[in-house]
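Analysis of the macromolecular model
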Amino acid sequence: MLRRRAAVVLLAALVAPVVTVPVVTVPAPALADDVRDSQRPVLRTLQVSRAWAVSKGKGVTVAVLDSGVDPRHRDLAGSVIVGRDFTAGANPPGVRPRKLHGTYMASLIAGHGHGPGGGDGIIGIAPRAKILSVRIILEDEEPGFREFNSAERYEDVVAKGIRYAVDRGADVINMSITKELATKEERAAIRYAISKGVVLVAAAGNDGAAKPGADGFAPYSYPAAFPGVVSVGAADRGLRRASFSNFNPSVLVAAPGVDILGAGPGDEYWVGRGTSQASAMVSGVAALIKAKYPKMSPALVVQALTSGTNKRPSDGYDTGMGFGVVSAAGALAEAGRISRHTLRAAGDDTKDPAEPVAGRPLPPVPVVRRDHHAITVYGGIAGIAALAALACVATIALTITRIRRPPAPSEPPAP
């Protein structure tokens, strides 16, 4: 087998590693049904066959913010909408994007296979969903890689990609990317997406095998660590945290992320490991939910994902596996249970949360900075003063007592 290594790097304010995915190509003569057979353990883990009795993702669009998707791959043909390339100009003229990582992720989300009944090749978690390809990163083998990671004009590509996907009708956004620095533009774009009912899913990162930081956790990575984004860790074959998968309190759920087969450009098939693959499969599960319950808010979709997990940690949650390994069947069942609920109170006595309280804006909230050193010093002074005051009161009381004491009676004279 020919071995390759694909790495994806994205710039925030400085160069930062994003996704490192070791992959191995399956030679072209390999039978596609061998690929499907190799997928079956993962599909069983995610309980996909039971979920497909309820939903296969029809009518849902999943935006893949990545390195681009090959729309001609036989397992994706007809399911890919080629969107904007926010990396335009980074590669020299005439250089075509490789689209390796993006095609790989798209196939795990919405691959439909090929051949009679679609029985060969890669089948995604939501095989009837559409993919919107939004190119926001270059792979390290592309000649424009250095330019992309150093030019200021590419700093906000993640935020721009999110807004573009939302405005083009995406129901779910998959971001199998990570970077070290957060930006206010990304935070605002995520808030915008959630306000439009879009579910955001991102990879927790692959730095978990490194020495933990001072707080005892693996590094936080973005956009996964933003509030409102489903941060996905990777599980190994034993459904434990994969050694490379980041562990920190941003992780919500996990999915298989070791030896995962997927499609590559030019009808190739690849196998690799990473939180990228895990997040793509969780995006597929989110697509199943949105297809069945299109009006379900992102927060309730997240609740369905976390409440419907299998292999839950003994304490209910841990920083490596979150609330457990995602189950497509379990998440759909939980979604059905809570689908009639909303996150907004209703009734005669409720108030629209968008309206100001008491008909006028609230005053600014004062921010108090607690200077603990000053508190200690002045507290000590106050304590000494209090003791001195008590001593004075005691002295005064004793003096008054002595003044008021009657004189001793004199003895009578001797006869």
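These figures come from a predicted structure and were not determined experimentally. (Residues numbered from 1 in each chain as written. Predicted model: local features only at pLDDT ≥ 70, side-chain atom pairs only at ≥ 80, totals over all residues. Heavy atoms only, no water.)

1. Comments concerning the sheet that holds strand β7 (residues 130-135)
Strand order in the open sheet made by the 7 strands is β4-β7-β3-β9-β10-β11-β12, with parallel pairing throughout. The strands lining the two open edges of the sheet, one partner per strand, are β4 (80-85) and β12 (251-256). On average, each strand axis in the sheet is inclined to that of its neighbour by 25°, with strand direction left out of account. Against the sheet, helix α8 (residues 298-307) makes contact with β10 (199-203), β11 (229-235) and β12, and its axis sits at roughly 55° relative to β12, the strand it touches most. (Pairing = 2+ DSSP bridges. Helix = DSSP H or I, 4+ residues; strand = E, 2+ residues; numbered from the N terminus. Axes fitted to C-alpha atoms, helices over the stretch in contact; angles between N-to-C directions. Contact = heavy atoms within 4.5 Å.)

2. Observations regarding the packing of α8 against helix α9 (residues 328-338)
Each packed pair of helices is defined by two parameters, the angle between the axes and the distance between the axes. In the contact formed by α8 and α9, the axes pass within 8 Å of each other and the chain directions differ by 130°. Accordingly, the angle class assigned to the pair α8 and α9 is oblique. In the crossing of α8 with α9, the sense of the turn from one axis to the other is right-handed. Residues Leu 300, Gln 303, Ala 304, Leu 305 and Ser 307 of α8 form the contact with α9, whose participating residues are Ala 331, Glu 334, Ala 335, Arg 337 and Ile 338. In terms of residue class, the contact of α8 with α9 is made up of 6 nonpolar, 2 polar and 2 charged. (Parallel < 35°, antiparallel > 145°, perpendicular 65-115°, else oblique. Left-handed = near helix turned anticlockwise from the far one by under 90°. Nonpolar A, V, L, I, M, F, W, Y, C, P; charged D, E, K, R; others polar.)

3. A short note on the side chain of Glu 142
As for its position among the elements, Glu 142 is in the loop between β8 (138-139) and α4 (145-148). For Glu 142, a relative accessible area of 3% translates into the label buried. At 2.7 Å, the side chain of Glu 142 forms a polar contact with the side chain of Asn 91. (Buried < 20%, exposed > 50% of the residue type's maximum accessible area, 1.4 Å probe, protein only. Polar contact = N/O pair within 3.5 Å; in protein donor to acceptor, adjacent residues only side chain to side chain.)

4. What to know about the nonpolar core
In terms of nonpolar packing, the biggest core is built from 56 residues, with Ile 131, Val 282 and Ile 289 touching the most fellow members. Considering every element that reaches this core, the biggest residue donor is helix α7 (residues 275-292), with 9 residues. Ignoring anything within four residues of it in the chain, the contact list for Ile 289 reads Met 296, Val 301, Ala 304, Leu 305, Ala 331, Leu 332 and Ala 335. The next biggest cluster of nonpolar side chains, apart from the first, holds 34 residues, and it includes Val 158, Ile 162, Leu 200 and Val 229. (Core = buried A, V, L, I, M, F, W, Y, C linked by side-chain atoms within 4.5 Å.)

5. Quick word on helix α3 (residues 100-110)
Think of an α-helix as turning once every 3.6 residues; residues three or four places apart then point the same way. Burial analysis of α3 places 11 of its 11 residues in the buried class, the great majority of the element. Burial in α3 covers these residues: Leu 100, His 101, Gly 102, Thr 103, Tyr 104, Met 105, Ala 106, Ser 107, Leu 108, Ile 109 and Ala 110.

6. Focus on unusual backbone geometry
Backbone phi values are negative for most residues with the exception of glycine, while trans is the configuration of most peptide bonds. The step from Tyr 222 to Pro 223 runs through a cis peptide bond, and the omega angle for that step is 15°. Mapped onto the secondary structure, Pro 223 falls in the loop between β10 and β11. At Lys 99, a residue that is not glycine, the phi angle is positive and equals roughly 60°. Note that Lys 99 resides in the loop between β4 and α3. For Lys 99, a relative accessible area of 23% puts it in the partly exposed group. Despite not being glycine, Lys 311 has its phi angle at roughly 50°, a positive value. By secondary structure assignment, the location of Lys 311 is in the loop between α8 and α9.

7. Remarks on the pattern of salt bridges
Scanning the entire structure with this criterion turns up 10 salt bridges. A salt bridge links Arg 135 to Glu 142, with the shortest nitrogen-to-oxygen separation between them at 2.8 Å. Note on accessibility: Arg 135 and Glu 142 belong to one class, buried. Arg 240 serves as the salt-bridge partner of Asp 236, at 3.9 Å between the closest nitrogen and oxygen. Within the structure, one salt-bridge network assembled from shared partners comprises Asp 85, Arg 135 and Glu 142. (Salt bridge = Lys/Arg side-chain N within 4 Å of Asp/Glu carboxyl O.)

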